[in-house]
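What follows is the residue order along each chain.
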Amino acid sequence: MSQSVRTSPEGSGQALSEAYDTALLDLDGVVYAGGNAIAHAVDSLATARAGGMRLAYVTNNALRTPDAVAEHLTELGIPTGPDDVITSAQAVARLISEQVPAGSRVLVIGGEGLRVALRERGLEPVDSADDDPVAVVQGYGGPDLVWSRFAEACYAIARGVPWFASNTDLTIPSARGIAPGNGAAVEVVRIATGAEPQVAGKPLPPMHKETILRTGAERPLVVGDRLDTDIEGAFNGEVDSLLVLTGVTDGAQLLAAPPQHRPTYVDADLRGMLTGQPEVTEAGDGFRCGGWTATAGRERLELDGEGEPLDGLRALCAAAWTAAGDGSCALDGEKALARLGL
C-alpha cells in the first residue's frame with residue numbers, strides 16, 4: 001500500500017483471509033471486550049486459521065506477558081501460543097537493547113510484561129534510580145501502580161538517563177469504563193522532568209518492526225478498532241488494514257478521518273475477514289456501493305438508496321474523504337448515518 005491520500009475504502013474479490021497471509025489483530029475491541037469474546041470473533045478466527053491464515057495478536061498493553069495473553073485467548077476458545085502474541089513491551093525492549101550494552105540495568109516503571117521482555121533481550125530490570133540504570137522504561141502498570149514509581153523515573157531522568165515508553169495511549173478500557181492508560185502516566189513524568197521519551201508502541205514504527213520480525217509476515221493485514229493506533233500504525237508501516245466497528249470508532253469518526261486514519265477496508269466485525277469487500281464506484285457526482293449512493297453537498301453528506309448499511313457507510317466514506325482531500329471532512333453526516341442506524 002502506498003501512502004497516497006486514500007479517498008475510498010477498497011474492494012476485494014477474494015476473502016481477506018485468502019488475500020493476506022497474516023492477520024495482525026488488536027485485542028480489546030476486536031477480539032474481546034471486558035475480557036469476554038466479541039460476537040462472531042471465535043468462529044471467524046477459527047475459520048481464518050483453518051484456511052491457512054496466520055493469526056498474530058498485537059497489543060499496546062505492556063502489563064501482561066505473552067503467556068498470560070495466550071492463556072486468556074485459549075480460555076475464550078481461541079487456541080493461542082505465546083509466540084502468537086506481540087506486545088509493546090517486546091517492542092520497547094528491543095528498542096532499548098539496540099542502544100545499550102548487553103546485560104545493562106534498566107529501571108522499570110510498570111509490570112511483569114516489561115520485566116519479561118527486558119530479560120528476553122538480555123537486560124536486567126531494576127527498581128531504583130540508585131541501582132545505576134542506563135535507561136528508564138515506562139509501561140502500563142495497572143491501577144495499583146504506586147506514585148513513588150514515577151518519582152524513581154524522575155530521579156533517573158534528571159541524572160541524564162534516557163527514557164523509553166512502551167506506548168502513549170492516554171486511556172485504556174476496563175469493565176467499569178474508560179481508565180487512565182500508560183500515556184496518562186507518561187504525562188506525569190514528562191511534566192515533572194520536561195523530558196521526552198522514545199516511544200515504541202502503535203502507531204509508531206518500532207511496534208510494526210517487532211511484529212514483522214516475530215511473525216515473518218509477507219502480506220500482513222492489520223485488523224483493529226482504533227483509528228489513531230491500529231489504522232495509523234498500518235499507514236506508517238505501509239500495509240493494508242481492516243477497521244471493525246466493534247470497538248471505539250463510530251461512523252462519524254470514520255467519516256472525519258484524516259488520511260493516516262483511513263482504513264483500507266471497513267466491516268462490522270471479524271466476519272469481514274472471511275469475505276470479499278464490495279467495490280465503491282463513482283456514480284455521477286457521488287459514489288455508489290451496493291444499493292446506496294452518497295454525495296458531498298455544500299454543508300452535509302447526502303445518502304440515497306437502500307440496502308446493507310455497511311455499503312452505505314462505505315459510500316459515505318468515499319464522498320467524505322474525496323471532499324476532504326488530505327484534511328479531515330467537516331461536512332455533516334449525522335442525518336445520513338442515522339438513516340443507516342450507525
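J.: Would you mind showing me how to read the environment of Arg-219 here?
T.: For Arg-219, the location among the structural elements is in the loop between helix H8 (205–215) and strand E13 (220–224). As for Arg-219 and Val-146, which are separated by 73 residues in sequence, their C-alpha atoms are 42 Å apart. For Arg-219, the residues in contact, after removing those within four places along its chain, are Glu-18, Ala-19, Tyr-20, Asp-21 and Thr-22.

J.: So what exactly am I meant to see when it comes to helix H6 (residues 148–158) here?
T.: For H6, the full list of buried residues reads Arg-149, Phe-150, Glu-152, Ala-153, Cys-154, Ala-156 and Ile-157. Close packing links the buried residues of H6 with strand E6 (105–109), strand E8 (135–138), strand E9 (163–165) and helix H7 (182–193). After H6 finishes, the residue Gly-160 shows a positive phi value of roughly 95 degrees.

J.: I'm lost on the packing of aromatic side chains in this one. Help?
T.: Under the defined criterion, the tally for this structure stands at two aromatic pairs. Consider the rings of Trp-147 and Phe-150, whose centres lie 5.3 Å apart with planes at 85 degrees: the pair is edge-to-face. Trp-147 gets classed as exposed once you look at its relative accessible area, which sits at 62%.

J.: Would you mind going over the sheet that holds strand E19 (residues 301–305) with me for this structure?
T.: Two pairing modes exist for strands in a sheet, parallel and antiparallel, and in both the strands are linked by backbone hydrogen bonds. Strands sit in the order E16-E17-E18-E19 across an open sheet of four strands; the sheet is antiparallel. Each end of this open sheet is capped by a strand with a single partner; those strands are strand E16 (281–283) and E19. Mean inter-strand twist for the sheet, computed between neighbouring axes without regard to direction, equals 30 degrees. Relative to strand E18 (residues 292–296), strand E17 (residues 286–289) runs antiparallel, the two being bridged by three bridges. Bridge pairing in E18 links Phe-287 to Ala-294. Contacts between helix H11 (residues 309–324) and the sheet are confined to E17, E18 and E19, with E18 contributing the most and set at about 20 degrees to the helix.

J.: Honestly, the sheet that holds strand E7 (residues 124–126) in this entry has me stumped. Any pointers?
T.: Spatially, the five strands line up as an open sheet ordered E7-E6-E8-E9-E12, and their pairing is parallel. Two strands in the sheet have a free side with no partner beyond their single neighbour: E7 and strand E12 (198–199). For E6 and E8, the ladder comprises four bridges, and the chain directions are parallel. Opposite Val-106, over in E8, you have Ala-135 as the bridge partner. Along the sheet, helix H4 (residues 88–97) contacts E6, E8, E9 and E12; its crossing angle with E9, the most-contacted strand, is approximately 155 degrees.

J.: Even after reading the chapter, I still don't get the nonpolar core, so can you show me in this structure?
T.: Generally speaking, a soluble globular protein has its nonpolar side chains buried in company with each other. Ranked by internal contacts, the top residues of the largest apolar core, which has 28 residues, are Leu-254, Leu-255, Leu-303, Leu-313 and Leu-316. The greatest single-element share of this core, amounting to 10 residues, is contributed by H11. Excluding anything up to four places from it in sequence, Leu-303 contacts Trp-292, Thr-293, Ala-294, Gly-312, Leu-316, Ala-336, Arg-339 and Leu-340. Counting residues in hydrophobic clusters, the runner-up holds 27 residues, among them Ala-41, Leu-73, Leu-242 and Val-244.

J.: Can you help me understand helix H9 (residues 227–237) in this one?
T.: One turn of an α-helix holds 3.6 residues; hence residues three or four places apart share an orientation. With eight of 11 residues buried, H9 is to be regarded as a mostly interior element. Looking at H9, one finds that the buried residues are Leu-227, Thr-229, Asp-230, Ile-231, Glu-232, Gly-233, Ala-234 and Phe-235. Contact partners of the buried residues in H9: E13, strand E14 (240–244) and helix H10 (251–255). The positive-phi residue at the C-terminal boundary of H9 is Glu-238, with phi of around 60 degrees.

J.: Explain the pattern of salt bridges here, please?
T.: For the coordinates displayed, the defined rule picks out 19 salt bridges. Via salt bridges that share partners, Arg-94, Glu-120, Glu-210 and Arg-214 belong to a single interconnected network.

J.: Would you mind going over unusual backbone geometry with me for this structure?
T.: Excluding glycine, most residues fall at negative phi; most peptide bonds, likewise, are trans. That bond from Lys-202 to Pro-203 is cis: its omega, 10 degrees, falls within 30 degrees of zero. Here Pro-203 lies in the loop between E12 and H8. The residue His-40 is not glycine, and still its phi comes out positive at about 75 degrees. Positive phi outside glycine occurs at Glu-238, with the angle close to 60 degrees. Looking at the element boundaries, Glu-238 is found in the loop between H9 and E14. Judged by relative accessible area, which is 42%, Glu-238 ranks as partly exposed.

J.: Just to check I follow, could you spell out the packing of H6 against H7 for this structure?
T.: To describe two helices that pack against each other, one gives the angle between their axes and the distance between the axes. Between H6 and H7, the shortest axis-to-axis distance is 10 Å and the interhelical angle comes to 40 degrees. Comparing their axes, H7 and H6 come out oblique. Our pair here, H6 against H7, has a crossing hand that is right-handed. Contact residues: H6 offers Phe-150, Ala-153, Cys-154 and Ile-157, while H7 offers Ala-185, Val-188, Val-189, Ala-192 and Thr-193. Residues that form the contact of H6 with H7 fall into these classes: eight nonpolar, one polar and no charged.

Each value, and the rule that gives it
Residues numbered from 1 in each chain as written. Predicted model: local features only at pLDDT ≥ 70, side-chain atom pairs only at ≥ 80, totals over all residues. Heavy atoms only, no water. Helix = DSSP H or I, 4+ residues; strand = E, 2+ residues; numbered from the N terminus. Contact = heavy atoms within 4.5 Å. Buried < 20%, exposed > 50% of the residue type's maximum accessible area, 1.4 Å probe, protein only. Phe/Tyr/Trp six-rings, centres within 6.5 Å; stacked < 30°, edge-to-face > 60°. Pairing = 2+ DSSP bridges. Axes fitted to C-alpha atoms, helices over the stretch in contact; angles between N-to-C directions. Core = buried A, V, L, I, M, F, W, Y, C linked by side-chain atoms within 4.5 Å. Salt bridge = Lys/Arg side-chain N within 4 Å of Asp/Glu carboxyl O. Parallel < 35°, antiparallel > 145°, perpendicular 65-115°, else oblique. Left-handed = near helix turned anticlockwise from the far one by under 90°. Nonpolar A, V, L, I, M, F, W, Y, C, P; charged D, E, K, R; others polar.

Structural measurements only, silent on function.
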